[in-house]
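Each chain, written out:
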Amino acid sequence: MSSPGYRGTVDDMDGYGGDQIRAAERPHLDAGEPLMLRAADGLATIVGGLLDDPAVRPVDGPGSVLLLVGSGDNGGDALFAGARLAADGRHVAVLRVGSRVHEAGLAAALDAGARLLDGPSGTSGAHAGGAADILRAAGPTDGERLAGVATEAALEADVVLDAILGIGVHGASALRSPAREVVDAIRELARDQRAPFVVAVDVPSGIDVDTGGVADDHVLHADVTVTFGGVKAGLLTGPAATLAGRIELVDVGIGADLAAVEPLIRT
């Protein structure tokens, strides 16, 4: 079996469901394999390549990245990737939009030189709820406040990483405040043709990873989706197929496990 790592752009794609991915990951997680760090390394490699691509960023300098970070492991993937990018000299800013954060990932990013911009009021530490916290409304002023922060930060960023929701939420999930307002602020920049390049971390936040369904139009359109382990079926079908952009696959070491199951979508 090949060593885990960045695989590259996927042409012929089979699409797997969220439960299939989680089942394939489980024995590796139980064995203590660092799947999140593998995902983060691959993500950082791809984002670093985008920052060095004149078609994405036609100016000199190290480039800048804005991380939109939710409460779950999806946010952890982005934070560890942000740590590596910051260690490589990139300018990295972190905007929290969840009620908690992956503490180890945040510590790694900040230790490497990333800047923490803001977060929802009343946020707590690692023992608060999981990714589903994004789906519950936050304080009434958080959305407007963080949307303003997101607009300013996105205007300065070359690449924005959408790491709000991953495959931990079942079904198409409408984003709630403050994530909803933050996403809307960046979508507004896109309407004004001022939006930075958007990279979705594993999936665009809020899609149904099995069917590609979306609850509403408050989904950030990705230029590239960096997905981990196996391509999610929802990236290949339904409305989400038009929101994912180019799909890049990072091999985290579960390919043999997925090969033993029938994908939801076979191409």
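Residues numbered from 1 in each chain as written. Predicted model: local features only at pLDDT ≥ 70, side-chain atom pairs only at ≥ 80, totals over all residues. Heavy atoms only, no water.

1. Overview of the nonpolar core
Going by this rule: Among buried residues, the Ala, Val, Leu, Ile, Met, Phe, Trp, Tyr and Cys ones that are joined through side-chain atoms within 4.5 Å form a nonpolar core. Each residue's exposure class comes from its accessible area (1.4 Å probe, protein chains only) as a fraction of the maximum for that residue type: buried when under 20%, exposed when over 50%, partly exposed otherwise. By definition, any uninterrupted DSSP run of H or I lasting at least four residues is a helix, any uninterrupted run of E lasting at least two residues is a strand, and each is numbered from the N terminus. Here, residues are in contact when the closest pair of their heavy atoms is within 4.5 Å.
Membership of the largest hydrophobic core comes to 55 residues, with the highest contact counts inside it found for Leu-43, Leu-161 and Val-199. With 10 residues, helix α2 (residues 35-51) is the largest single contributor of residues to this core. Apart from the residues lying within four places of it in its own chain, the contact partners of Leu-43 are Asp-77, Ala-78, Ala-81, Leu-161, Val-199, Val-201, Val-226, Phe-228 and Val-250. Grouped together as the second largest cluster of nonpolar side chains are 24 residues, Leu-68, Ala-150, Val-160 and Ile-186 included.

2. Description of the pattern of salt bridges
Worth spelling out the cut-off: Only one rule defines a salt bridge in this text: a Lys or Arg side-chain nitrogen within 4 Å of an Asp or Glu carboxyl oxygen.
Here the structure, examined in full by the defined rule, presents 15 salt bridges. Residue Arg-194 is joined to Asp-192 by a salt bridge in which the shortest nitrogen-to-oxygen separation is 3.6 Å. When its relative accessible area of 45% is taken as the criterion, Arg-194 is described as partly exposed. What makes Asp-192 partly exposed here is its relative accessible area of 41%. Here Glu-248 and Arg-246 are joined by a salt bridge, their closest N and O atoms 2.8 Å apart. Classification of Glu-248 by relative accessible area gives buried; the value is 3%. Residue Arg-246 is classed as partly exposed on the basis of its relative accessible area, which comes to 37%.

3. Overview of the side chain of Asp-202
Here Asp-202 is to be found in the loop between β6 (197-201) and β7 (224-228). With sequence-adjacent residues up to four places away left out, Asp-202 is seen in contact with Asn-74, Ile-167, Thr-225, Val-226, Thr-227, Phe-228, Lys-232 and Leu-235.

4. Examining helix α6 (residues 179-191)
So the rule is basically this: A helix is expected to reach a length of 1.5 Å times the quantity of its residues less one.
Look at α6: 19 Å from first C-alpha to last across 13 residues, which is about the 18 Å you get at 1.5 Å a residue. Ala-179, Val-182, Val-183, Ala-185, Ile-186, Arg-187 and Leu-189 are the residues of α6 that are buried. Tucked into the core, α6 has its buried residues touching β2 (64-69), β3 (91-96), α5 (142-156) and β5 (159-163). Within two residues after α6, Gln-193 carries a phi angle of roughly 60 degrees, on the positive side.

5. Observations concerning the environment of Gly-76
Within the secondary structure, Gly-76 sits in helix α3 (residues 73-87). By relative accessible area, which is 0% here, Gly-76 ends up buried. As a C-alpha pair, Gly-76 and Val-101 span 25 residues in sequence and 7.7 Å in three-dimensional space. The contacts of Gly-76, once residues within four sequence positions are left out, are Met-36 and His-102.

6. Focus: the side chain of Asn-74
Put simply, the rule is: We call two N or O atoms a polar contact when they sit within 3.5 Å, provided that within protein one can donate a hydrogen and the other can accept it, with sequence-adjacent residues counted only if both atoms are side-chain atoms.
Inspection of the secondary structure assignment puts Asn-74 in helix α3. Note on Asn-74: relative accessible area 7%, which makes it buried. A distance of 2.7 Å separates a polar atom in the side chain of Asn-74 from the backbone oxygen of Val-201. Apart from the residues lying within four places of it in its own chain, the contact partners of Asn-74 are Asp-162, Ala-163, Ile-164, Leu-165, Gly-166, Val-201 and Asp-202.

7. Observations regarding the layout of surface pockets
Empty space left among the atoms is revealed by rolling a probe the size of a water molecule over them. Going by this rule: Within this scheme a cavity is a closed region of a 1 Å grid, computed over the protein atoms alone, that accommodates a 1.4 Å probe without allowing it to escape, whereas a pocket is open but has protein on both sides within 12 Å along at least five of seven lines; lining residues each have an atom within 4 Å of a point. Grid points are joined across faces, edges and corners, and a volume is the space filled by probe spheres set on the points.
By volume, the largest pocket is sized at about 570 Å³. Contributing to the lining of the largest pocket are 25 residues, with Glu-25, Asp-73, Asn-74, Asp-77 and Ile-167 lying nearest its centre. Of all the elements in the fold, those that place two or more residues in the lining of the largest pocket are α1 (18-30), α2 and α3. In terms of residue count, α1 provides more of the lining of the largest pocket than any other element does, five residues in total.

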